[in-house]
Each structure stands twice: as structure tokens, then as C-alpha cells.
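For reference, the chains in residue letters:
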Amino acid sequence: MSVSECLRPVLFGLLLLLTGVCAASAQDQVSAADQTAQANRQFVLAMQALQRADQTYDAQEQAKALLEADQLLKDIVTRLPESPLAVQLVTNQFIGDFDYAEFKGRLRGLACADGQSDICLLHRIEQLMSPIEYPVAAPRWDWLSLAVAHYHIGNRDRVKPIVGPFIQAVRTGSVKDAQSQDLFVGRALALTGEVDLALQLTRQFSDCATRIYNLTDIAEVLAWNGNTARAAEIAEEAADFSRTATCSWELGLVAQALLKAGNESRARTLFLNTVEEQFSRFKDRRGTCCPPELAVAAGDLGDPNLALGLLRTVQDESPWTVPQVLGKLAARGDKTLTLTYADQVHPDDLKAETYFELVAGALKAGDRAMAETVSTRLDTMLSKKRDAIALLQRARADKLLYKDQRWRGTYLAALGEAEKASSAAGAERKDLAVPFLAALVEIETGKPMLE
């Protein structure tokens, strides 16, 4: 047999192989071209649906058309991923004058078909917030609060896209504010069911404030969820770290965590020892007295005079302690001192919050008469000035005092005032989103998650 005859089968096989490769390549080209054509057709149909939505005043017809457009656009991404349109949609690029990101925001606005629904309230609160700057390099508790709110009462699909970039910023260390190294990510993760990841990130920090704040926050979340055994374990971890790292300023937080985890005797001992140490250092002029968290812990663990004494020491620099301490004392049955103290609080938004905490504390103590007395003071404030934050505290109080849904009307009125203040020409932009999110989540879950 000649050499050419020997090679003939091999060459024939190679020819078949090359023919198959060329055919497959041609098929791929046809497939890609077909995907592009199909995507273009669907995009045109989506734009036609969008035009129908723009040409009607009927809310139901408009919602139907917008949802139809949304399904067509989503199908381009999931079923026709090789088309250029799919890439443009996934990356939120403009397609002509069509802004996909703006369209998705408009879709979220459909939630307000029921203007009193939680999802509508979350949508309106989001409009009060300034956009996130990417890459993330600074704390944004407003957006993380929104993620927490969506996890508990909104759309859980929105949680990870909001929180994810903050986790990445912590991992890469691209943080401008050295005082908030974790960007509040630990607490947000714990409040959205990611306790193990929250602990993993938290244990990377060696500074007292970040490590202990996060550990005690996580312990509190675990206690809320009924996992007291693990809450106690994390509270003890915070205590151990504070001891080995000599973190004296954060011991009030540790005492609160131990108390919430069910270890009252250990919490009380730590609190009393810390108070003694702080006062001795202050008297010897070796330090500043006292940490604001110690004053808050005193509301639960100290006698009223000690708690109010600590409060007077810290309230000028940490005014948030006023409602916290007075509310805790009210829950223990202290009436006259707390109400007299609250009447002297300024400014009005802080006074309104303090009145709410007194209402909550009085109800915990079983003193309905005291709660209604404070509620009347809150109404008197509102009769003089219709303030967004004061109305918000009225809504929180309505939720506790009454079994109906009247709080929603008050909350809506408060949100309306916030929107007017935010849109007023020349108005200073205030961070109103966080208190509104905190109030809504607390009202709906019964837990002050976003204090």
C-alpha cells in the first residue's frame, strides 16, 4: 500500500472534523444573530408597552403596561444573554434615551398603588436619601437601614445588592472614616440573618470600639431572635475582649449585652465596678467621666439618682442618651423625676422622642395613666408646631397605645412633612430617612432594631 493510500483515511477524518467545526461555528453565528434579532423585537415590544403606560391616566392600566415591559426586558437578560441588548440592560446602560435604572425605580413606585402599604412607605423614604457613591468608602447607615427594613417588611431581593458593596469596602479596607471602620456592616448583616458573616468580619477588627460595638449588637440581635444561649456566648466574648484589650470605655455596652442575654447578676457586677472605676479616675483627674453607654446601662442597672447623675454628665455631648435613660427609668416605675426631666429637654425633636420613650416605659410598667399623661404632652407639642419628627414619635406612640391602625395616618402625615422639608427651596438637607426607617421597622416588628 502506498503512503498516499495510508494517509487517505486520516485526511478524510480531518476533513470531516473541520467540516463539523465550521458548521458549528456557522450555527453559533446564526444563533447569536438570532438572539440579537429576538432581543431587538422584544425591546421594541417593551418600548411600545412603556408608551401605552405613558398615554393613560388609569392606574391599573398603567401598572399592567409597565409590568409587561418589565417582563419583556427581564426575558431578554435571562433567555437571550448573548445579545448586545442583554449586556446593556444588565449594566444599566442607556439604550437610546431609555434609562433602565430609572425604569426600575418607576417600577418600585408601583408599590404605592396602596399608599399606606409598608412597601410604598419604604419607596417614599428612599426618595429622601442621597444616592450611594461607588465605590463605597464611607458609612451610609441610611442605605443599610433601608436594606434591614426590606429584609423584615419589604422586598428581600433588594437586601444583598445594597449591602454587598459595603461588605466589599470592608474587605478591601477602602474606608475614609477611621472611626467607623466597618461602615455599620456588622450590625446590618446581623439584622438581615447573616450572623456568622457578621462575626467573621467583626473579628478582623482589633480596635475596642468597632469590635465591642459589633459583638454587643450581634448579641442583642440573637437575643431578639430567641437564641439566648448564643447571645450569652457572644456577650461573654465581648467581655473577654474588653478585658484582654483593656477597653474600659465600652464596658457599659458589655453590661447591657450581658443583661439582654439574661445574665443580670454578671451585668450588674460589671456595671457597678465600671462606675466605681470611672468616678475614681474622674476624681483623680486621670480621665473623662463617663461613657454615654454607661449612662444608658444605668437606666437598667443603677438607682435613679445614679442614672440621672450620669445622664447629666454625658447628655450635652451625647443627647441621644436622654430618651434612652429616661425611658428605661420609666419602665422601672419612676414617674415624677423622669417626667420633670423630660419637660426640660431641648430641642423639640429630642423632647418628642423622650416623650415617646416615657410612653413606652410607662406601658411596660403597667401604668396606662402615666402613658396617657405623657401622650397629652406630645399632643400639646404638635398643636404648637407640626414637625415631621414630632409627628413620627406620635405615630410610634399610637402604635403602642391603640390596637387599631391609626398610626399609619399619623406616619403618613409625618412623612409628608419630611418630604416638604426636603424639597423646600434652600432647605438644609437633613438625614430624615434613618428615623423614619427605624420607626417603621420598630412599629412592624416590635423591636427597636435601628436605634
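Structure shown above.
Fair warning: this is a prediction, and the values are worked out from it, not measured in the lab. Note on numbering: residues in each chain are counted from 1, in written sequence order. Only residues with pLDDT of 70 or above have their local features reported here, since the model is predicted, and side-chain atom pairs are shown and tallied only from 80 upward, although totals for entire chains, interfaces and linings are computed over all residues. The side-chain quantities take in all heavy atoms of the structure and omit both hydrogens and water.

Student: Can you tell me about the overall build of the protein, naming the residues and giving the values?
Tutor: Each helix is a run of DSSP H or I of at least 4 residues and each strand a run of E of at least 2, with the numbering of both proceeding from the N terminus. Of regular secondary structure, the protein possesses 22 helices and 2 strands. Here the term buried applies to any residue with accessible area under 20% of the maximum for its type, exposed to any over 50%, and partly exposed to those in between, with areas from a 1.4 Å probe on protein chains only. Looking at the protein as a whole, 46% of its 451 residues are labelled buried. For the protein, contacts bridging at least 24 residues in sequence account for 61% of all contacts bridging at least 6. When the accessible surface of the protein is totalled, it reaches about 23,000 Å², and 53% of it is carbon and sulfur. What makes two residues a contact is simply this: any of their non-hydrogen atoms within 4.5 Å. Only the protein chains shown count as covering a residue, and every accessible area follows the Shrake-Rupley method with a 1.4 Å probe.

Student: So, helix α19 (residues 368–384): which residues are in play, and what are the values?
Tutor: A helix is expected to reach a length of 1.5 Å times the quantity of its residues less one. Spanning 17 residues, α19 covers 25 Å between terminal C-alpha atoms, matching the ideal 24 Å at 1.5 Å per step. For α19, the complete set of buried residues consists of Met370, Ala371, Val374, Ser375, Leu378, Met381 and Leu382. The buried residues of α19 occupy an angular sector of 135° when projected down its axis, which confines them to one face. Those residues of α19 that are exposed and angled more than 90 degrees off the buried face are Ser383 and Lys384. Against the buried residues of α19 lie α17 (336–343), α18 (348–364) and α20 (388–401). Each direction from the helix axis to a C-beta atom contributes to the arc, which is the arc of those directions.

Student: Give a description of the nonpolar core that names residues and reports values.
Tutor: Counting residues in hydrophobic clusters, the biggest one holds 122 residues, and the most contacted among them are Phe271, Tyr411, Phe436 and Leu450. When neighbours within four sequence positions are excluded, leucine 450 is seen to be in contact with Trp141, Ser145, Val148, Leu191, Leu437, Ala438 and Val441. Membership of the second largest hydrophobic core comes to 22 residues, among which are Phe43, Met47, Ala65 and Ala86. The nonpolar core is taken to be a set of buried Ala, Val, Leu, Ile, Met, Phe, Trp, Tyr and Cys residues, with the residues joined through side-chain atoms within 4.5 Å.

Student: How would you summarise the state of the cysteines if you had to cite specific residues and measurements?
Tutor: The definition used for a disulfide is geometric: two cysteine sulfur atoms within 2.5 Å. Scanning the entire structure with this criterion turns up 1 disulfide. The residue that forms a disulfide with cysteine 208 is cysteine 247, at a sulfur-sulfur distance of 2.0 Å. An S-S torsion of about -70° defines the bridge between cysteine 208 and cysteine 247 as left-handed. Taken together, the positions of cysteine 208 in helix α10 (residues 208–224) and cysteine 247 in the loop between α11 (228–244) and α12 (251–260) put the pair 39 residues apart, joining distant regions of the chain.

Student: Pulling in residues and values, what's your account of the environment of aspartate 367?
Tutor: Inspection of the secondary structure assignment puts aspartate 367 in the loop between α18 and α19. On the accessibility criterion, aspartate 367 (16% relative accessible area) is buried. On a C-alpha basis, the gap between aspartate 367 and alanine 330 in space is 9.4 Å, while along the polypeptide they are 37 residues apart. In this view, aspartate 367 contacts Lys335 and Ala362; residues no more than four positions away in its chain are not counted. A polar atom in the side chain of aspartate 367 sits 2.8 Å from the side chain of lysine 335. Two N or O atoms count as a polar contact when they lie within 3.5 Å, although within protein this holds only if one can serve as hydrogen donor and the other as acceptor, and sequence-adjacent residues are included solely when both atoms are side-chain atoms. Within the structure, the side chain of aspartate 367 is placed 3.0 Å from the backbone nitrogen of methionine 370, a separation counted as a polar contact.

Student: I'd like to hear about the side chain of glutamate 417, residue by residue, with values.
Tutor: Relative to the elements of secondary structure, glutamate 417 occurs in helix α21 (residues 406–423). Among residues more than four places away in sequence, those in contact with glutamate 417 are Arg386, Ala388 and Leu391.

Student: Just give me the short version of the packing of aromatic side chains, but keep the residues and values in it.
Tutor: Note on aromatic contacts: the rings of Phe and Tyr and the six-membered ring of Trp form a pair at centre separations within 6.5 Å, being stacked when their planes are under 30 degrees apart, edge-to-face when over 60 apart, and tilted otherwise. All chains considered together, the criterion is met by 7 aromatic pairs. Ring centres 6.1 Å apart and planes at 40° place the aromatic pair phenylalanine 98 and tyrosine 100 in the tilted group. When sorted by exposure, phenylalanine 98 lands in the same class as tyrosine 100, which is buried. Ring geometry for phenylalanine 98 and phenylalanine 103: centres 5.8 Å apart, planes at 55°, overall tilted. Accessibility classification places phenylalanine 98 together with phenylalanine 103 in one group, the buried group.

Student: Explain the packing of α19 against α20 to me, and be specific about the residues and the numbers.
Tutor: The interhelical angle for the contact between α19 and α20, taken along N-to-C directions, is 155°, at an axis separation of 10 Å. With respect to α20, the axis of α19 lies roughly antiparallel. As for the relative orientation of α19 and α20, their crossing is left-handed in sense. Here α19 contributes Arg368, Ala371, Ser375, Leu378, Asp379 and Leu382 to the contact with α20, which in turn contributes Ala390, Leu391, Gln393, Arg394, Ala397 and Leu401. In this count, Pro and Cys sit with the nonpolar residues alongside Ala, Val, Leu, Ile, Met, Phe, Trp and Tyr, while Asp, Glu, Lys and Arg are called charged and the others, Gly among them, polar. Of the residues that constitute the contact of α19 with α20, the class distribution is 7 nonpolar, 2 polar and 3 charged. To get an axis, fit a line to the C-alpha atoms, keeping to the stretch in contact for a helix; angles then go from 0 to 180 degrees between the N-to-C directions. Geometric relationships in this document are graded by angle, where less than 35 degrees denotes roughly parallel, more than 145 denotes roughly antiparallel, 65 to 115 denotes roughly perpendicular, and other angles denote oblique. Two helices crossing with the near one rotated counterclockwise from the far one by less than a right angle form a left-handed crossing, whereas a clockwise rotation gives a right-handed crossing.

Student: Residue-level account of the side chain of arginine 158, with values.
Tutor: Secondary-structure assignment places arginine 158 in the loop between α6 (141–153) and α7 (159–172). A polar side-chain atom of arginine 158 sits 3.5 Å from a polar atom in the side chain of histidine 150. Residues in contact with arginine 158, not counting those within four places in the same chain, are Arg108, Glu126, Trp143, Leu146 and His150.

Student: Give a detailed account of unusual backbone geometry, specifying residues and quantitative values.
Tutor: Cis geometry is adopted by the peptide bond preceding proline 135, which originates at tyrosine 134 and carries an omega value of -5°. Residue position: proline 135 is located in the loop between α5 (118–126) and α6. The residue after histidine 346, namely proline 347, is reached through a cis peptide bond having omega 0°. As for its placement among the helices and strands, proline 347 is situated in the loop between α17 and α18.

Student: Go over α7, please, and point to the residues and values.
Tutor: Along its 14 residues, α7 runs 21 Å from first to last C-alpha, staying within 8% of the 20 Å computed at 1.5 Å per residue. Buried residues of α7: Val159, Ile162, Val163, Phe166, Ile167, Ala169 and Val170, and no others. Check the buried side of α7 and you find it contacts α6, α8 (185–191) and α9 (195–202). A positive backbone phi angle near 75° is found at glycine 173, which sits one or two residues after α7.

Student: Residue-level account of the pattern of salt bridges, with values.
Tutor: Any carboxyl oxygen of Asp or Glu that lies within 4 Å of a side-chain nitrogen of Lys or Arg is treated as forming a salt bridge with it. The full count for this structure, using the stated rule, is 28 salt bridges. For aspartate 379, the salt bridge is made with arginine 394, and the minimal N-O distance between the two is 2.9 Å. Note that aspartate 379 is positioned in helix α19 and arginine 394 in helix α20, a separation of 15 residues in sequence. The exposure class assigned to aspartate 379 is partly exposed, which follows from its relative accessible area of 38%. Arginine 394 gets classed as buried once you look at its relative accessible area, which sits at 6%. One salt-bridge network, in which partners are shared between bridges, spans Arg187, Asp217, Glu220 and Lys260.

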